[in-house]
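Secondary and tertiary structure notes
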Amino acid sequence: MKAPHWIAGAWVGVPSADSIDPATGESIGQFADGGAAEADAAIAAARNVFDRTTWAQDARLRQDVLLAWAGALDAQREPLATLLTRENGKAIAQSRGEIAAAISEVRYYAGLARHIAGHVLESEPGTISTMLREAAGVAAIFVPWNAPAVLLVRSLAPALAAGCTAIVKSAAQTPLVIAAMLRCFEQTALPKGAVNLVHEIGYAAGERLVESHDVDIVSFTGSTATGKKIMAAAAESMKKLSLELGGKSCCVVFEDADVVAIAPRIARAATIISGQQCTAARRVLVHARRAAEMREHLTRALEALRVGEGINEAMDIGPLIDAATRDAVYQTIARACDEADRVLLRGTRSGHAFLSPTLIEHSDPKAFFCQEEIFGPFVTLETFDTEAQAIDRANDTVFGLSASVWTNDGARAFRIARALRNGTVWINDHNKLFAEAETGGYRQSGLGRLHGYDALADFTEIKHICMPAGVAEGIAPLR
Ligand code: NAD
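Everything in this summary refers to the structure shown in the same document. The model shown is predicted, which means the values in this text are computed figures rather than measured ones.

Calculation rules
- Residues numbered from 1 in each chain as written.
- Predicted model: local features only at pLDDT ≥ 70, side-chain atom pairs only at ≥ 80, totals over all residues.
- Heavy atoms only, no water.
- Helix = DSSP H or I, 4+ residues; strand = E, 2+ residues; numbered from the N terminus.
- Rg over C-alpha atoms; globule rule 2.2 N^0.38 Å.
- Buried < 20%, exposed > 50% of the residue type's maximum accessible area, 1.4 Å probe, protein only.
- Contact = heavy atoms within 4.5 Å.
- Salt bridge = Lys/Arg side-chain N within 4 Å of Asp/Glu carboxyl O.
- 1 Å grid on protein atoms, 1.4 Å probe; cavity = no way out; pocket = protein on both sides within 12 Å on 5 of 7 lines; lining within 4 Å.
- Points joined across faces, edges and corners; volume = space filled by probe spheres on them.
- Nonpolar A, V, L, I, M, F, W, Y, C, P; charged D, E, K, R; others polar.
- Domains from an automatic or database assignment.
- Near = heavy atom within 4 Å.
- Polar contact = N/O pair within 3.5 Å; in protein donor to acceptor, adjacent residues only side chain to side chain.
- Areas by Shrake-Rupley, 256 points an atom, 1.4 Å probe, with all protein chains shown as cover.
- Phe/Tyr/Trp six-rings, centres within 6.5 Å; stacked < 30°, edge-to-face > 60°.
- Lys NZ or Arg CZ within 6 Å of the ring centre and 35° of its normal.

Looking at the overall build of the protein chain
- Across its full length, the protein chain carries 15 helices and 23 strands.
- Taking 23 Å as the expected radius of gyration for a compact globule of 479 residues, we find that the protein chain reaches 24 Å, a close match to that expectation.
- Dimensions of the protein chain along its principal axes, counting C-alpha atoms only, are 80 × 65 × 40 Å.
- The proportion of buried residues among the 479 residues of the protein chain is 55%.
- Pairs at least 24 residues apart make up 72% of the contacts formed inside the protein chain by residues separated by at least 6 positions.

Digging into the pattern of salt bridges
- By the definition in use, this model includes 25 salt bridges.
- The partner of E361 in a salt bridge is R295, and the shortest N-O contact between them spans 2.6 Å. Of the two residues, E361 is situated in strand β18 (residues 358-361) and R295 in helix α10 (residues 291-304); the sequence distance between them amounts to 66 residues.
- Accessibility expressed as a relative area gives 12% for E361, which makes it buried.
- Among the ionic pairs, R415 bridges to E387, the shortest N-O distance being 2.8 Å. In this pair, R415 sits in helix α14 (residues 410-419) while E387 sits in helix α13 (residues 387-395), placing the two residues 28 residues apart along the sequence.
- Take E387: its relative accessible area is 25%, and that puts it in the partly exposed class.
- Within this structure, R47, D51 and D216 form a network of salt bridges that share partners.

Some thoughts on empty space enclosed by the protein
- Applying the stated criterion across every chain, the model contains two cavities of 30 Å³ or more.
- Lining the largest cavity are K248, S249, C250, A394, T397, F399, G400, L401, S402, A403 and N422.
- For the lining of the largest cavity, the secondary structure elements donating two or more residues are β13 (249-253) and β20 (402-406).
- Of the residues assigned to the lining of the largest cavity, the class counts are five nonpolar, five polar and one charged.
- Approximately 30 Å³ is the volume attributed to the second largest cavity.
- As for the second largest cavity, its lining consists of D21, A23, T85, R86, E309, G310 and I311.
- The class makeup of the residues in the lining of the second largest cavity is two nonpolar, two polar and three charged.
- The residues that make up the lining of the second largest cavity include at least three from each of domain 1 (2-245 + 441-465) and domain 2 (249-427).

Details of the site of the ligand
- Around the ligand there are 22 residues in total, and R154, S223, T226, L245 and E373 lie nearest to it.
- A distance of 2.9 Å is found between an oxygen atom of the ligand and a side-chain nitrogen or oxygen belonging to R154.
- Here an oxygen atom of the ligand sits 2.6 Å away from a polar atom, N or O, in the side chain of E373.
- Within the complex, the protein chains bury 87% of what would otherwise be the 860 Å² of accessible surface of the ligand.
- Elements supplying a minimum of two residues to the shell around the ligand: α5 (148-162), α7 (204-211) and β11 (217-221).
- The residue inventory of the shell around the ligand, partitioned by class, reads 10 nonpolar, seven polar and five charged.
- Here the shell around the ligand spans two domains, since at least three of its residues come from each of domain 1 (2-245 + 441-465) and domain 2 (249-427).

Comments concerning the packing of aromatic side chains
- Across all of its chains, the model carries nine aromatic pairs by this definition.
- Arranged with centres 6.5 Å apart and planes meeting at 15°, the rings of W6 and F185 form a pair that is stacked. Here W6 is found in strand β2 (residues 5-7), whereas its partner F185 is found in the loop between α6 (175-183) and β10 (195-198), with 179 residues between them in sequence. Just as W6 is buried, F185 falls in that class too.
- One aromatic cluster is present, built from ring pairs that chain together W6, W11, W69 and F185.
- The lysine or arginine in question, R183, covers the ring of W11, its NZ or CZ lying 4.1 Å from the ring centre.

Everything listed is a geometric property; what it means functionally is a separate question.
See below:
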């Protein structure tokens, strides 16, 4: 498969860089390696459609385009899922779930495209203030490699529904699946240049998109470190920013929870996409009286997960995204094992980029491995005695993306959920994300929200149009 850039409706550039299957280390296709020039051309194309056509005003056209895109993606469900597993490595069941979620989300925003309501009021007698929600303009969308299908849609669908035009920047690890999804637009009435795609191995195109004064909004999903750089680089043009960044999610397990039943669920929540999901369960905080049981059952559940090629239906955990990343994550985990109070399960490397899960137990929440996001199959087990301790430990982090509370006491579940400083808190569940429900981070996990109506609102500006219409003849002003 070949993935050129897609600029102003034309597939351009020579696909010369390899996209590698992380399960085998073999090339599965080539993509074009762009830079600032491609970014400039894509910005010009997106700008032209936004400034010179009625795209931003034609909600029905945008709905039609999104529905047709969803239909075209639906017709490609299985090939897209297979390509996603080949390019990213994740278990095929996870790829199928991701493609299905992406299609559903396109349809959700197709509906919302026709409900972008502002409000009108009389600000003083005879003066009509119309607050119009308008598209923010040209959006640059950075899609990471860990869940490229759904994270593309999570930003692009609300951007298009709102009336923005877009430049998508793929991650160098997953350019083919992004290109395959955007090719499905060719079966729709999308104006040429309303969506553009630029690939690159380096950062020059990405940096140009962030700096450009012709880009009005950046929607970035990636690490907190890169998010900070983007925030600094965007300051000069003061563009709008949507940042979906890293996390260190806690599962807080109370004394009354059924540890035997939930340990396998937490094991899966920790190892989804080989632990390469921003919301993956990373720290398990368990009441001290249930610690022994959790130790035993979580170890057993993690050990039972099958590690192997994601394309094999029997596997639970595929490879990490590439061999170099696997080795770097392994070294970090090895350091954590050296410092941990206790190593309950030590992960091992195999094949091109595989790594089995590690579970350690530790008492000091300040340890680097309790604080830093380690993007792989690595879990810490910590204990607490009181609700207050559980909350303090869980909130002792710079992140605030997501957490879960495990208890059969409904009132406790709710009050702990309120006390945890996170954008999402699940009760007796983990990693459930919906097109309808806003998601995003407190603190260094990000800015703004994606999913839900608020994501669409984040791709708009509010314009106040003030009209002094005056009062009708025969009506007397009182002041
Ligand atoms: P990353 O930050 O290393 O890279 C993301 C993208 O940014 C890449 O495509 C890269 O080309 C680009 N980039 C790097 N430097 C840049 C710069 N200076 N200017 C412009 N672009 C630049 O992240 P990653 O390793 O691809 O993804 C993993 C991270 O993403 C994890 O931290 C994970 O938690 C986070 N993530 C967050 C969410 C969420 O919803 N909050 C979802 C998925 C992933």
